[in-house]
Amino acid sequence: MSIQVNHLTKRYGAFRALDDVSFTVRQGELLALLGPSGGGKTTLLRIIAGLERPDEGSVLFDGDDAIRRDPRDRGVGFVFQHYALFRHMTVFENVAFGLRVRPRAQRPEEAEIRRRVNELLSLVQLDYLGSRYPSQLSGGQRQRVALARALAVEPKVLLLDEPFGALDAKVRQELRRWLRRLHAEIHLTSVFVTHDQEEALELANRVVIINEGRIEQDGTPEEVVEHPATPFVVNFLGQVNIFHGRVQEGKALLGPLALEYPEHPHTEARTAAGYSRPHELAVSRTDDEGGGLWAVITDVRVAGAIVKLEVIDDERRPIQVELGREQYESIRATVGERVYVKPRKVRVFMDK
Amino acid sequence: MAGYVHASTGQRGRRSGRLTEPLIVRVLLIAIALGFLFLFLVLPLATVFTEAFASGTAAYLDAIREPDALAALRLTLLAAAIAVPANLVFGVCAGWAIARFQFRGKQLLTTLIDLPFAVSPVISGMVFVLLFGRQGVLGPWVADHDIKIVFAVPGIVLATIFVSFPFVAREIIPVMEAAGSQEEEAARVLGAGGLQTFFRVTLPNIKWGLLYGVILCNARAMGEFGAVSVVSGKIRGVTNTLPLHVEILYNEYAFQAAFAVSSLLAFLAIVTLIVKTVVERRMGAAVEAVPEAAAAPQLS
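A brief structural summary.

The rules behind the values
- Residues numbered from 1 in each chain as written.
- Chains lettered and ligands numbered in written order.
- Predicted model: local features only at pLDDT ≥ 70, side-chain atom pairs only at ≥ 80, totals over all residues.
- Heavy atoms only, no water.
- Pairing = 2+ DSSP bridges.
- Helix = DSSP H or I, 4+ residues; strand = E, 2+ residues; numbered from the N terminus.
- Contact = heavy atoms within 4.5 Å.
- Axes fitted to C-alpha atoms, helices over the stretch in contact; angles between N-to-C directions.
- Buried < 20%, exposed > 50% of the residue type's maximum accessible area, 1.4 Å probe, protein only.
- Core = buried A, V, L, I, M, F, W, Y, C linked by side-chain atoms within 4.5 Å.
- Salt bridge = Lys/Arg side-chain N within 4 Å of Asp/Glu carboxyl O.

## Looking at the sheet that holds strand β1 (residues 3-12) of chain A
All names here are of chain A.
In step 1: Ordered in space as β2-β1-β4-β5, the four strands form an open sheet in which the pairing is antiparallel. Looking at the sheet topology across the chains shown, the edges are occupied by β2 (15-25) and β5 (64-65).
In step 2: Pairing of β1 with β2, which is carried by seven bridges, proceeds in the antiparallel orientation. Paired with K10 across the bridge in β2 is L18.
In step 3: Lying on the sheet, helix α1 (residues 41-49) is in contact with β1, β2 and β4 (56-61); it crosses β1 at an angle near 120°.

The structure is reproduced here in structure tokens:
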């Protein structure tokens, strides 16, 4: 099923949790809603599920208005951040719940329920835990029970709220891989919320980046990484060096850097900033090519295959650089030495 | 609420295990506590039973079997049988509203629920006299329709409902708040209707708190003296409840009979305490499961 979200706005008093948000989830897609906490992602997910009503805008499921429909009739599976398992029921009964509460005419036979639940429990690799209670399970196991329970009602859309947020790093990695395999297997249209950019980029086919109730960018993981649409996206997707300055007559003068900037050919000067990631900077002993700046190394840290340098420019502004091990070996510079730093890539954004 | 607090502090004490106070302080404190308990609780209770049986078992049974005593017992049971279910329904509604919804006047409602605790029972009774009595606001209307409230059974039931209504609501509000609404939301998304959600998800989560509230509510409903005394008119065999009957017997110097009827109430109190202890223990176990479920990562 496809989901179309049109101009959603949701206010809590004077606070705008969502502000004119529109995007589309295509059939079979695994889409990530990525953004900082409190940015409106969870509200958006809850509106899609029907747990909350928007003040304005519409949600269409395969072109049909879903807002008027009660959550129970929307055909969504929802995995809550803290799983929300029924703590007085066994794992088996948790998964069976959605089938048992159906109106009598649509309720499967007891034997059929057993078969379906056992099938789902083996899908999430928990068939041996059916008679346990949620409090007797580990976090990762609870997560998978929550997923099995959501899938039991054969939803047309799966919605996951920070699915791995409460788990430790190793289990998170494992579940992430597992969820991707599962999605490849059953191809269910899925939307998950996360504040972890790595998780979003690794798992999703498409990423919608949300901040302060607005969409900053909507694109494939590659698009958002390679062509970030806004300074926020650049900042959010990882560590970045910022060079403040201005643009005028096709040139950008950003502190120690001078670049071509044909996007702004006008004589009127505008403030702007250039963004360059630590691995997008080259370091050398000479300034053969120009276009860079001289800086002094203040810190060198070897982190496995890469070397992290901190340098300061002439005005004592710190700049972070990441080099490959071999590259670093070839220049052999240590703390206190002057080196020439040249960005291989700078993204320039004019201030609004 | 009270039970939850007791249960958890008890657990913590047991876990930490080591006490820093010297032996003498411990012995002294325990002695004072037990001495008080004996003087003010055990001794009076024992007196009730010894006095009740002072003239022999036959006299005891006679005092209880006496028609006025039986009528008082029936009325007490009737008042409780109406007040407890009424307050159960009210308590669940109020608890649900306060724990689940945001609305104007929520704070006021929460405070008002405690009103019967704050107000003297005599005033609680007076309210109904002032409302439905001959000179009362609704008095003429009631008289026109030939309904008797004050100095009749309906007045006693109303007063009983009034004094016992906070118990259920107060017990389930914290339990519902601790349980949160996520399980109910999960049930809704999974296709459960309102009633299904309540009976399959909400009720199992709050059942021990609810039962605890009902027990306390019942104890208060059966034991209430002040408010009922004002509206009753103390017509023997008609508007006398057990506590009122005890007072009348006592005022007539029928001490043995008074204590015999008292022993019924004392017995009721003991049963209440036993049931309460059992429920508290179950509720403690249920509440402990909550934080464990919320704090997720504890993997090997």
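Picking up where we left off.
## Brief notes about unusual backbone geometry
In step 1: A positive phi angle, close to 50°, is found at A:H187, a residue other than glycine.
In step 2: If you trace the backbone, A:H187 turns up in the loop between α5 (169-186) and β8 (189-194).
In step 3: Given the relative accessible area of 49%, A:H187 is considered partly exposed.
In step 4: The phi torsion at B:K234 lies on the positive side, around 50°, for a residue other than glycine.
In step 5: When you line up the elements, B:K234 lands in the loop between α13 (226-232) and α14 (242-251).
In step 6: You can call B:K234 partly exposed: its relative accessible area is 32%.

## Observations concerning the nonpolar core
Residues and elements named next belong to chain A.
In step 1: V95, V117, L121, L147 and L158 are the most contacted members of the largest nonpolar core, which totals 47 residues.
In step 2: Tallying contributions element by element places helix α4 (residues 139-152) first for this core, with seven residues.
In step 3: Counting 41 residues, the second largest nonpolar core, distinct from the first, contains M1, V59, I67 and F80.

## Topic: the pattern of salt bridges
Residues and elements named next belong to chain A.
In step 1: As enumerated under the stated definition, the model contains 41 salt bridges over all chains in all.
In step 2: Here R176 ties to D196 by a salt bridge, and the two come within 3.7 Å at their closest N and O atoms. Here the residue R176 occupies a position in helix α5, and D196 occupies one in the loop between β8 and α6 (197-203), the gap between them amounting to 20 residues.
In step 3: Exposure remark for R176: the relative accessible area of 3% places this residue in the buried category.

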